[in-house]
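Architecture at a glance
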Amino acid sequence: MVRLQIALGVIITVVGLIVVAWIALNEDANLARRDQEILARRIERGAVLFEQNCYTCHGFNAQGVPGLGPPLNDREMLEQRAKEVGWPGSLYTYLVRTIAAGRIVSTRPEYLGGKASDPNAMAMPPWSEEYGGPLRPADIEDIALFLQNFEEFPPELLAEIATPVPEEGEQPPEQGEADVDAVAIDLFTQLGCLGCHALATVPGAVGTVGPALDGLGERAASIIADPAYTGNATTPEEYIRESIVDPSVFVVAGYPDVMPKGFGDQLSEEQLDALVQFLMKQ
Amino acid sequence: MLGLQDLRNLPRDFERKVRELLNQDLEEVVRERLDNRVRTITAGLDLEELRAIFRGDGPTEKPNPRWKVHTTSFLFHIRPRYYQRASTWFTHTFRLGWLSTYLFFIELITGIILMVYYAPTPNTAYRDMLNILSNVRFGLLMRDLHRLGAELMVIAVFLHMVRVYFTGSYKKPREFTWLTGVVLLGITLFLSFSGYLLPWDQLAYWAVTIGTSMADKTPLIGREVNLLLRGAPDIGAGGLLRFYLLHVLFLPLLAILFISVHYYKVSREHGISLPAVVEEGEMDEDRRRWAKERIDFIPDLLTHELFLSVLVLVAMVIAVTVWFDAPLESQANPQVTPLDTKAPWYFLWLQGMLKLGDPTLMGVILPGIIVAFLAAIPYIDNNPSRLAKNRPVALSLGVLGIIVLIILSYMGTPQWGIETPPAVRIIQDLVPQEGVGPFRKLGYEKIKLGTFETDTFTLPENPDEFDILFAEFQERVRNAPLASPQGVWEIDMLQPTLKRVKMRITWTKLDENGNVLLDEQGQPVRDKYEKVFFVHEDSGYEYE
Ligand code: HEM
């Protein structure tokens, strides 16, 4: 018995050593793989947290919402911003600190519209629970990792992010009308209209700052017929154009006059037409 | 002082020394020196003796040098010099007490290594776990071994108790040994449970929240006990630190103390019991004498235990490399109650009991009575015989107890008695809050972009995994107990390496009488459940 157990014991020990050696040989590769997976999953989590907490001001795709918050996904932000404000650390630490502590005084009032001149308004509230916000340090880090992941973006891809990339073999969108619609949806997304307006036909458009734009084409006619209407439009198209170019002329009842005023200068004539045509059909 | 004369003599002295050395039997000298070394290390066994031990031969000197080890060596003095043969029969003890002790040591060692990389605060604990997995060589191995060892130890201790019960080994004079055993069972369970919280993930947080809220139900002092454990009304930094201290300091010390007492009683005072047949059963007298013969600890039992040690350790290492993974969910979040919370499996029986009635009665008083009864078994059972045929009542009660335990544990599993709304259930099954689930399991590459609707989707001719999964979703949505249900998946890219998935189920709202609710425009009101999540290129879900 003693001999048998010693012999078996030696064999088992050798097997054990082989297993451990095998683990050891693969350990570095496995560590690297798990590191990558953990990072990837933190980015996923950060994206969820961003969609839950930040879309109202920075848009669903972090493209910014005029008048509410700056874009966080553009080259300027990702490559210049930290240097511009004299931040000594990396982009990542800049993001973490900014998100955690918020910002008391706006650094770029041009993004804030009317709010910037309000001395009591905080540019961005703090988000970390350390400073009275709702998120924990790990949450903030995950969001920062997510935002940092925009770095991989080649700028030319920026325009495409909002609309799904057509799959191979799928029909390309038809020319003509569909094309104009695509331009309009792009604009609606890029300009951040979706941050304030809900619209069923545009993915991600669920904003509640402004009225939902579904059924606007029909509604527009009754608005201009209403005696309470203070603008100059005589047709529904004109009303929609006016609402975009000069929102203050008529402010929809129950909503504040916060829609940004500069869209008229930003948009070319074709782009404006595309938007109006598109909204008419809603 | 070294004089001139000495210097002059030096060459001659040197020559003489060399001659002396050459005249000796070199082999002899080396062996003698080696022998002395070996004797100091092995507390008195020389090389020849060691080899005899490993060959399984008898002692080479008189008096038996192997016995001396038991007085000169600290570690060996804990073990008796000899056992009665029958008490070491495998089928008598199944080595379960030994296994419990061995696992405890494995836990100590792996635990100390894990402690090096772990700080018990809410902001660092979870991060440290991730670091152990992704940045510490053999970190995953240590963690898995520690977790597996803990669960095995619970099993081993429990089975050990069961065997002691069925062999009647708790009877006079071993009542006190049994009592310390019951304390050890409690310590083992609480060691496991206190360790459960430390990773600070959702699984841990909610299991422990439920566990400690049970303490709340204790009459009179419940609130105080709970506060003492948690350090605050809710588990937070204070609670984590307290559980940590319990887990790495207080309970291990207590365990070492009680294992020592327990072991002292077993090996020094009473010896391991003989099987009942040998002690009082009918048996050929020669065979009985043989069964009661003394066998030495060295070498028979020593080699046996060494053999078992490597066997168990290697089996554990293989188990964790092949299939056993210590779970790690997302970071603990007091704001998000998971859909399925469950107790660690060794407390499922308690959760099952809680479903049966009043929490104070079922969660505190009854378990208290059970423990008291367990401790009192040797004093209640005054049947002097240990033979199975003389203990019909005790044995049937034991079997009954185990069956009840299994049933209660089954009732404690989450499926039993808790319902989730159908839309939530369908999506939760596809993309669970924790873990991977079939959708993520497809992997980044196979997740298609676009909008997919249950109303319009038809399975293409050569469906891929994605299509099949959507078809299953379609099937479940259509059959869900909801009024005109509709399901949508919207999938687009948010970043070049990140896909965004929206899953939504909408259905028509009904009032209590089953009538369709209408809004101001006369349209039916739709209810919806939506989940938005992301899949990153490198997440590696497909490999899990
Ligand atoms: C950490 C937990 C425990 C450890 C490390 C431990 C260790 C041991 C060891 C090494 C033995 C020697 C015999 C054998 O290996 O079976 C033993 C015997 C014994 N144990 Fe335990 N034990 C533990 C828990 C328990 C429990 C939960 C009970 C019962 C409630 C118990 C009751 C006994 C009794 C009565 C004996 C004497 C059995 C005999 O003489 O045949 N022990 N224990």
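Residues numbered from 1 in each chain as written. Chains lettered and ligands numbered in written order. Predicted model: local features only at pLDDT ≥ 70, side-chain atom pairs only at ≥ 80, totals over all residues. Heavy atoms only, no water.

**Brief notes about the overall build of chain A**
The following threshold applies: Counting from the N terminus, the helices are the DSSP runs of H or I reaching at least four residues and the strands are the DSSP runs of E reaching at least two. Three labels apply to residues, based on accessible area from a 1.4 Å probe with only protein chains included: buried if under 20% of the type maximum, exposed if over 50%, partly exposed otherwise in between. Whether two residues are in contact is decided by their heavy atoms, any of which lying within 4.5 Å being enough. For accessible areas, the Shrake-Rupley method is used with a probe of radius 1.4 Å. Any residue's cover is judged against the shown protein chains and nothing else.
Scanning chain A for helices and strands turns up 11 helices and zero strands. Mapped from its N terminus to its C terminus, chain A presents α and β elements in the order α-α-α-α-α-α-α-α-α-α-α. Evaluated residue by residue, chain A yields a buried proportion of 44% over its 282 residues. Counting only contacts in chain A whose residues sit at least 6 apart along the sequence, the fraction spanning at least 24 positions is 52%. Accessible surface, chain A as shown: approximately 14,500 Å² in total, 60% of it carbon and sulfur.

**Observations concerning the sheet that holds strand β5 (residues 498-508) of chain B**
All names here are of chain B. For the record, the criterion: One bridge is not enough; two strands pair if DSSP finds at least two bridges between them. The convention used is that axes are lines fitted to C-alpha atoms, helices contributing only their stretch in contact, and that angles between N-to-C directions extend from 0 to 180 degrees.
Strand order in the open sheet formed by four strands is β3-β4-β5-β6, with antiparallel pairing between adjacent strands. Two strands close off the open sheet at either side, each with one partner strand: β3 (450-453) and β6 (526-536). Direction aside, the axes of adjacent strands within the sheet are offset by 15° on average. As defined by bridge partners, β5 adjoins β6 across 11 bridges and the pair is classed as antiparallel. Looking at the pairing, Lys-499 lines up with Val-535 of β6. Running over the sheet, helix α20 (residues 422-430) touches β4 (483-495), β5 and β6 and is turned about 155° from β5. Relative to β4, helix α22 (residues 465-479) is tilted by about 150°, and along the sheet it contacts β3, β4 and β5.

**Quick word on the environment of Pro-367 of chain B**
All names here are of chain B. On the secondary structure map, Pro-367 appears in helix α18 (residues 359-380). Along the chain, Pro-367 and Leu-350 lie 17 residues apart, while their C-alpha atoms are 8.0 Å from each other. Setting aside residues no more than four positions away along its own chain, Pro-367 makes contact with Leu-350, Met-353, Leu-361 and Met-362.

**Considerations on the coordination of the iron atom of the ligand**
Residue and element names in this part refer to chain B. Basically, it comes down to this: A 2.8 Å cut-off from the metal defines N, O and S donors, relaxed to 3.2 Å for Na, K and Ca; water is not in the atom list, so some sites may appear incomplete. Every geometry call rests on angle ranges, with four donors termed tetrahedral when all angles are between 85 and 135 degrees, four termed square planar and six termed octahedral when opposite donors are over 155 degrees apart and all others are between 65 and 115, and everything else termed irregular.
Only His-160 (NE2) and His-262 (NE2) from the protein coordinate the iron atom of the ligand, and they sit 1.9 to 2.1 Å from it. In this structure, the iron atom of the ligand is coordinated by six donor atoms arranged in octahedral fashion, with angles at the metal of 85 to 178°. Note that His-160 is positioned in helix α9 (residues 139-166) and His-262 in helix α13 (residues 237-270), a separation of 102 residues in sequence.

**Digging into the site of the ligand**
Residues and elements named next belong to chain B. Our working rule: Any residue with a heavy atom positioned within 4 Å of a molecule or strand is treated as near that molecule or strand. N or O atoms closer than or at 3.5 Å make up a polar contact, with two conditions inside protein: a donor-capable atom paired with an acceptor-capable one, and, for residues adjacent in sequence, both atoms drawn from side chains. In this classification, Asp, Glu, Lys and Arg are treated as charged, Ala, Val, Leu, Ile, Met, Phe, Trp, Tyr, Cys and Pro as nonpolar, and every other residue, Gly included, as polar.
Contacts to the ligand come from 25 residues, most closely from His-160, Arg-163, Gly-181, His-262 and Ser-273. At a separation of 3.4 Å, an oxygen atom of the ligand approaches a polar backbone atom of Gly-97. In the environment of the ligand, a nitrogen atom lies 2.8 Å from a nitrogen or oxygen atom belonging to the side chain of His-160. A total of seven residues in the shell around the ligand trace back to one element, the largest contributor, which is helix α10 (residues 175-197). For the shell around the ligand, a count of residues per class yields 11 nonpolar, 12 polar and two charged.

**Some details on the state of the cysteines**
Residue and element names in this part refer to chain A. Selection criterion: In this description, the term disulfide denotes a pair of cysteine sulfurs within 2.5 Å.
Applying the stated criterion to the full structure yields zero disulfides over all chains. With no disulfide of its own, Cys-54 lies closest to Cys-57 among cysteine sulfurs, the gap being 8.6 Å. According to the relative accessible area criterion, Cys-57 is partly exposed, its value standing at 29%.

**Concerning the confidence of the model for chain A**
Stated formally: Confidence of the prediction at every residue is given by pLDDT, a number between 0 and 100.
Residue-level pLDDT values for chain A average 81, and 84% of them are 70 or greater. Here residues 161-175 of chain A is modelled with pLDDT under 50, and outside its nearest four sequence neighbours on either side it reaches 17 contacts, counting other chains as well.

**What about the packing of α20 of chain B against α22 of chain B?**
Residues and elements named next belong to chain B. The cut-off we apply is this: Oblique is the label for any angle not covered by the other classes, which are roughly parallel (under 35 degrees), roughly antiparallel (over 145) and roughly perpendicular (65 to 115). Each helix crossing is assigned a hand: it is left-handed if the near helix lies turned anticlockwise from the far helix by less than a right angle, otherwise right-handed if that turn is clockwise.
Running from N to C, α20 and α22 cross one another at 165°; their axes reach a closest spacing of 10 Å. Judged by the angle between their axes, α20 and α22 are roughly antiparallel. Read as a crossing pair, α20 and α22 show a hand that is right-handed. Between α20 and α22, the residues in contact are Arg-425, Ile-426, Asp-429 and Leu-430 and Leu-469, Phe-473, Arg-476 and Val-477, respectively. Per-class residue counts for the contact of α20 with α22 are five nonpolar, no polar and three charged.

**Here we look at the pattern of salt bridges**
The condition is simple: Salt bridges are defined as contacts in which a side-chain nitrogen from Lys or Arg sits within 4 Å of a carboxyl oxygen from Asp or Glu.
Scanning the entire structure with this criterion turns up 36 salt bridges over all chains. Arg-500 of chain B is paired through a salt bridge with Glu-51 of chain A; the nearest N and O atoms lie 2.9 Å apart. Of this pair, Arg-500 of chain B sits in strand β5 while Glu-51 of chain A sits in helix α1 (residues 2-53), each in a different chain. Of the two residues examined, Arg-500 of chain B and Glu-51 of chain A, each falls in the buried class. A salt bridge links Lys-448 of chain B to Asp-467 of chain B; its shortest N-O distance comes to 2.8 Å. Placement of Lys-448 of chain B in the loop between α21 (437-441) and β3 and of Asp-467 of chain B in helix α22 is noted, with a sequence separation of 19 residues between them.

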